[in-house]
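These are the residues of each chain, in order.
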Amino acid sequence: MRSFRNMNLAAAIVCVLISGCATQESGSPPAVSEGVVGNDDGRAATGIVLNKSVHFTTPDGNDVMALPGRYQVELISEAQIHLVPENGTPPLSLAASSSTNGVEVKEPVAIVNSSGAGEHIVLILPGGTTLDAIGSTSGVGTR
């Protein structure tokens, strides 16, 4: 099951990196803006946009809600990322699962993707490591 999820995640990463963005065909906007959001100031492409509130799990197992807005995604450890709001409020610590992939990047890249398994914030690192924080718009976590 985990390898199937990793294959789907890797396929999503490759599609987003190739196309640069994805389209939404349903009537409601996604919770996250799918694709890669770059920065005009030369920083790495670790900026994301959340269109709706998304619940995530903290490293200690608690619920934290990320409000709509622009964020920078930062690596904290092999199982944790920070969402740093661009509005200056304190960063959010999110639990993330670590895996390897076949995508090679020179600098960290953050992408967001909505799937049946939840709202994903994915941080792709040089060396082939991927961190995936899975959230939910309903606040009900998956097991």
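All values reported here derive from a predicted model rather than from experimental measurement.

Asks: Please explain the confidence of the model for the protein as it appears in this structure.
Replies: Do not read the predicted coordinates in detail wherever pLDDT is low. With 66% of its residues at a pLDDT of 70 or more, the protein shows a mean pLDDT of 76. Here strand β1 (residues 35-36) is the element of the protein with the lowest mean pLDDT, 43, and strand β7 (residues 92-95) is the one with the highest, 97. Counted against residues more than four places away or in other chains, residues 14-39, with its pLDDT under 50, gives 59 contacts.

Asks: Got a minute to help me understand the side chain of Q72 in this structure?
Replies: Looking at the secondary structure, you find Q72 in strand β5 (residues 69-77). There is a polar contact of 2.9 Å between the side chain of Q72 and the side chain of T46.

Asks: What is the right way to read the sheet that holds strand β6 (residues 80-85) from this model?
Replies: In any sheet, the strands associate via hydrogen bonds between backbone groups, in a parallel or an antiparallel arrangement. The strand order β2-β5-β6-β7 describes an open sheet built from 4 strands, whose pairing is antiparallel. The outermost strands of the open sheet, each flanked by one partner alone, are β2 (47-50) and β7. If you compare each strand with its neighbour and ignore which way they point, the axes differ by 40 degrees on average. Relative to β5, β2 is paired through 4 bridges, and the arrangement is antiparallel. Opposite V49, over in β5, you have R70 as the bridge partner.

Asks: Is there a simple way to explain the nonpolar core in this structure?
Replies: For soluble globular proteins, nonpolar side chains are generally found buried alongside one another. Counting 20 residues, the largest nonpolar core has I48, F56, V73, I81, L83, L94 and I121 as its most contacted members. Beyond its immediate stretch of four places on either side in the chain, F56 contacts N62, D63, V64, A66, L83, L94, E119, I121, A133, I134 and G135. With 6 residues, the next largest nonpolar core counts V103, V109, V122 and I124 among its residues.

Asks: In this structure, what is going on with the side chain of H82? I would like to understand it.
Replies: Here H82 lies in strand β6. Using a relative accessible area of 18% as the deciding quantity, one classes H82 as buried. Among the polar contacts listed, one links the side chain of H82 to the side chain of S93, at a separation of 2.8 Å. With residues near it in sequence (within four places) discarded, H82 still touches Q72, V73, E74, I76, P91, L92 and S93.

Thresholds applied
Residues numbered from 1 in each chain as written. Predicted model: local features only at pLDDT ≥ 70, side-chain atom pairs only at ≥ 80, totals over all residues. Heavy atoms only, no water. pLDDT = per-residue confidence, 0-100. Helix = DSSP H or I, 4+ residues; strand = E, 2+ residues; numbered from the N terminus. Contact = heavy atoms within 4.5 Å. Polar contact = N/O pair within 3.5 Å; in protein donor to acceptor, adjacent residues only side chain to side chain. Pairing = 2+ DSSP bridges. Axes fitted to C-alpha atoms, helices over the stretch in contact; angles between N-to-C directions. Core = buried A, V, L, I, M, F, W, Y, C linked by side-chain atoms within 4.5 Å. Buried < 20%, exposed > 50% of the residue type's maximum accessible area, 1.4 Å probe, protein only.

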